[in-house]
Amino acid sequence: MRSDLSQLPDIGDWPSLLDVLPARIQADVRAGRYQGDLSAAMREAVETGRDFTIPAGTYPIAGGIIEMRKPGQRIVGTGGLLRRLPLRDGVGLLVSAADVVIYNLRMDGTAAAVENNQINDMVRVVGDGCTLVDLLVHGAWGSNLRLDGVRNCHVVRPVLTDAYQNNLLICNAPTQDIRIDNPICHRTVTQNNIFVTASDASTNNGHSIFRVTINNPLCTDAGDTAIELGYHSFDCTVEGGRVVNSYHPGLLQRDGRRNRWIGTIVENKKLSEQHGDYDGVAVVPQWEAPSWDSDSEFNGIVVKGQSRRAAYYWGQSGIRRINCVADAFALGDGPVRAGPNRIGSGDMKAGAVSRILFRGGAVRGYAIGDNWNYDSRPYDRADCLTDGVVFEQCAQILNCYNIAPKHSAIINNTGKDNIVNEIMLLAARLWPSDDNPDVGLTYYNNSFSGSSGQQRLMILLPPGAPPVEGLLLSRNSRFLRIAPDRPTVVDICDTAGLYSIYAETMRINFTLAASASGISLLGSPKVSGSGSGKNDFHIAVENGKLLLHQQNAQNGARWIHISGPGIRGIANAGTT
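A brief look at the structure comes next. (Residues numbered from 1 in each chain as written. Predicted model: local features only at pLDDT ≥ 70, side-chain atom pairs only at ≥ 80, totals over all residues. Heavy atoms only, no water.)

Section: the sheet that holds strand β52 (residues 537–542)
Okay, step 1: Read from one edge to the other, the open sheet built from 3 strands follows the order β48-β53-β52, with strand pairing classed as antiparallel. The open sheet has two edge strands with one neighbour each: β48 (488–491) and β52. The average angle at which neighbouring strand axes cross in this sheet is 25°, direction not considered.
Okay, step 2: One ladder, built from 6 bridges, connects β52 with strand β53 (residues 545–550); its direction is antiparallel. Paired with E542 across the strands is K545, a residue of β53. (Pairing = 2+ DSSP bridges. Helix = DSSP H or I, 4+ residues; strand = E, 2+ residues; numbered from the N terminus. Axes fitted to C-alpha atoms, helices over the stretch in contact; angles between N-to-C directions.)

Written out as structure tokens, the structure reads:
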């Protein structure tokens, strides 16, 4: 890609498009009065292969005629406007040669067309290595600018407005190494402001595109999505900028992988203008399954205003949300701060997804701060983590209803002034079994405070479950399977102290003491509660390790929860 695009090339004695026009019409062209078709003149200019300028004036053209086929040719607009003629369908300008450079080209595609689809793209680039600087395109009945199957192209400061389909479409293999700097995209009728996809026809073609960078975009009023990294867009980056008033999500990823979204501000539509499933940011399947490993990161994104369904909606796996904010109050039309009128989720895990990391940042003013279950159906949640998040003025802090967390964790979070300090774990499957041995939710170092007189934090557990300390894991607890045929050996790191075992509704407390001869059991274990085989559970210490034995074979193997200062929790709980 070209390194210095801040200066126009020295146009010196370059010929101009006016030079190929008859003298008798040049004045009318300059004044914008000429109504004829100048496609032939434009085609003549590009067919020479020489560099040329497009001076001030209006140049009517028909679609489907002008193609740049000479490698390295340069065009510099110096005030001229190419305007497509009514009902003359076809691509306005096709760039098929490599290394073409275009500066300051202005095009208008608003005249009536027969068809409103890709036939009427205004600028279509299919040649590699092209550079477009300060392109201004308005009103295409297809897409304003389409980069199709190209490599090593650079587009700088394009202004693309009022397309029927997409303002900017980057599509189809072997597209790779594309950079778009400071794009401005306003208004589309049916599709996206910026759409990146390996399949412009939205078919499952198995192709992929790579390394598209969108830097500092400004996108407003999309008929669909502001910026979409669509089907099989890999290793792409969207950084900075702002997107405003999209009909569908401001930022959307579908079947992508290893993408990075960094520091973009999403300003939602007013709640009254949102449809029922509106999300500020979303990752959703197109052709791949929810288990598709996106391996993608959203870092420093800010969603402003309410979201009817979710500020961040994760419908595919392998997502890292880091230091992102969802602020329902940010645009001034959010819920009343002191009232209960909250809607949507600050973060939503939807469907059979796993490996969702939610670290840092804040959620303010949503009905549910962190929602692990969007439709109340039973789901597994493997390797999910909510870590170091601030929840403020939400109706409910966290919902884990009817899920089976596996190696997952909720740690180091804080909150204040939430309407109900509540963590919903009803119907959650939190105790492992031989069929589901990896179940376990690590919960520790969370601090939620409320307004004066507000109720204390409530953790709503399944009926008949052990108390919180016997059901949720910490840094010093874990689940173990105890078999009747042989003792289970537990490494306690030679650490004395009080230990507890929960097995169903039975609790056993015992103390390990340190002496010159090592660690030993101090007194007899104290058993409380009820449960089958409570008198058959044997505890011993040998060679600095704990031995647990279910002595009565008739009671079979059982899962227990053990905690104490020498117990080490599962090291990879909640990591992604």
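Some points on unusual backbone geometry
Okay, step 1: Residue P174 follows A173 across a cis peptide bond; omega there is 10°.
Okay, step 2: Along the chain, the position of P174 falls in the loop between β13 (168–171) and β14 (176–181).
Okay, step 3: Of note, N152 is a non-glycine position whose phi angle comes to about 55°, a positive value.
Okay, step 4: Considering the arrangement of structural elements, one finds N152 in strand β11 (residues 151–156).

Things to note about the sheet that holds strand β47 (residues 477–482)
Okay, step 1: Ordered by their spatial adjacency, 5 strands build an open sheet running β47-β54-β49-β50-β51, and the pairing between neighbours is antiparallel. Edge positions in the open sheet fall to β47 and β51 (518–529), since each of these has one partner strand only. Going across the sheet, the axis of each strand differs from the next one's by a mean of 25°, ignoring polarity.
Okay, step 2: In terms of strand pairing, β47 meets strand β54 (residues 558–563) through 6 bridges, oriented antiparallel. Among the inter-strand pairings, S477 is bridged to a residue of β54, identified as S563.

Digging into the pairing of strand β30 (residues 317–322)
Okay, step 1: The element β30 is extensively covered by neighbouring structure, given that 6 of its 6 residues are classed as buried.
Okay, step 2: With 5 bridges joining them, strand β27 (residues 293–299) and β30 adopt parallel strand pairing. Its bridge partner being in β30, N299 is matched across the sheet by I322.
Okay, step 3: Note that β30 and strand β33 (residues 356–359) share 4 bridges and pair parallel. Bridge assignment links I322 to a residue of β33, and that residue is R359. (Buried < 20%, exposed > 50% of the residue type's maximum accessible area, 1.4 Å probe, protein only.)

Comments concerning the pattern of salt bridges
One side chain can pair with another of opposite charge once the charged atoms of both are near each other.
Okay, step 1: Counted according to the given criterion, the structure contains 33 salt bridges.
Okay, step 2: A salt bridge links D28 to R33, with the shortest nitrogen-to-oxygen separation between them at 2.9 Å.
Okay, step 3: Its salt-bridge partner being D121, residue R146 comes within 3.6 Å of it at the nearest N-O pair. Taken together, the residues R146 in strand β10 (residues 145–148) and D121 in the loop between β6 (106–108) and β7 (123–125) connect sequence positions 25 residues apart. The residues R146 and D121 share a single accessibility class, namely buried.
Okay, step 4: In the salt-bridge network here, residues are joined through shared partners; they are D121, R124, R146, D148 and D200. (Salt bridge = Lys/Arg side-chain N within 4 Å of Asp/Glu carboxyl O.)

So, the nonpolar core
Okay, step 1: In this structure, L145 and L425 are the most contacted members of the largest nonpolar core, which totals 99 residues.
Okay, step 2: Within the second largest apolar cluster, 20 residues are counted, among which are L480, A503, L512 and I519. (Core = buried A, V, L, I, M, F, W, Y, C linked by side-chain atoms within 4.5 Å.)

Some words on the environment of A503
Okay, step 1: When you line up the elements, A503 lands in strand β49 (residues 497–503).
Okay, step 2: Separated by 26 residues in the primary sequence, A503 and G529 have C-alpha atoms spaced 9.7 Å apart.
Okay, step 3: When neighbours within four sequence positions are excluded, A503 is seen to be in contact with W431, R558, W559 and I560. (Contact = heavy atoms within 4.5 Å.)

Observations concerning helix α1 (residues 23–31)
Okay, step 1: Looking at α1, one finds that the buried residues are I25, Q26 and V29. Taken end-on, α1 shows its buried residues confined to a sector of 120°, consistent with a single buried face.
Okay, step 2: Lining the buried residues of α1 we find β1 (52–61).
Okay, step 3: Downstream of α1 by a residue or two, G32 has a phi angle that is positive, lying close to 80°. (Arc of directions from axis to C-beta.)

Comments concerning the state of the cysteines
Okay, step 1: Following the criterion strictly, the structure yields 0 disulfides and no others.
Okay, step 2: C185 takes part in no disulfide bond, and the closest cysteine sulfur, belonging to C219, lies 4.6 Å away.
Okay, step 3: Not engaged in a disulfide, the cysteine C384 finds its nearest cysteine sulfur in C400; these two sulfurs lie 9.3 Å apart. (Disulfide = S-S within 2.5 Å.)

Observations regarding the layout of surface pockets
Okay, step 1: Counted as a void, the largest pocket has a volume near 270 Å³.
Okay, step 2: Lining the largest pocket we find 19 residues, and of these N166, Q191, F195, D200 and S202 sit closest to its centre.
Okay, step 3: Of the residues that constitute the lining of the largest pocket, the class distribution is 4 nonpolar, 10 polar and 5 charged. (1 Å grid on protein atoms, 1.4 Å probe; cavity = no way out; pocket = protein on both sides within 12 Å on 5 of 7 lines; lining within 4 Å. Points joined across faces, edges and corners; volume = space filled by probe spheres on them. Nonpolar A, V, L, I, M, F, W, Y, C, P; charged D, E, K, R; others polar.)

Structural notes on helix α2 (residues 39–47)
Okay, step 1: Among the residues of α2, those classed as buried are S39, A41, M42, A45 and V46. Down the axis of α2, the sector holding all buried residues measures 165°, keeping them to one side.
Okay, step 2: Check the buried side of α2 and you find it contacts β1, β2 (67–68) and β3 (74–84).
Okay, step 3: Taken from the residues just after α2, G49 is the one with a positive phi, measuring 80°.

Observations concerning the packing of aromatic side chains
Okay, step 1: Within the structure shown, the criterion is met by 11 aromatic pairs.
Okay, step 2: Pairing F298 with W314 gives two aromatic rings, centres 5.0 Å apart and planes at 55°, and the pair type is tilted. Taken as a pair, F298 in strand β27 and W314 in strand β29 (residues 310–314) lie far apart in primary sequence, 16 residues in all.
Okay, step 3: Its relative accessible area of 0% is what places F298 among the buried residues.
Okay, step 4: Ring-pair connections join several aromatic residues into one group, and the members of that group are W261, F298, Y312 and W314.
Okay, step 5: Looking at R321, its charged tip hangs above the ring of Y312, at a distance of 3.8 Å from the centre.
Okay, step 6: The side chain of R337 reaches across the aromatic face of F329, ending 4.1 Å from its centre. (Phe/Tyr/Trp six-rings, centres within 6.5 Å; stacked < 30°, edge-to-face > 60°. Lys NZ or Arg CZ within 6 Å of the ring centre and 35° of its normal.)

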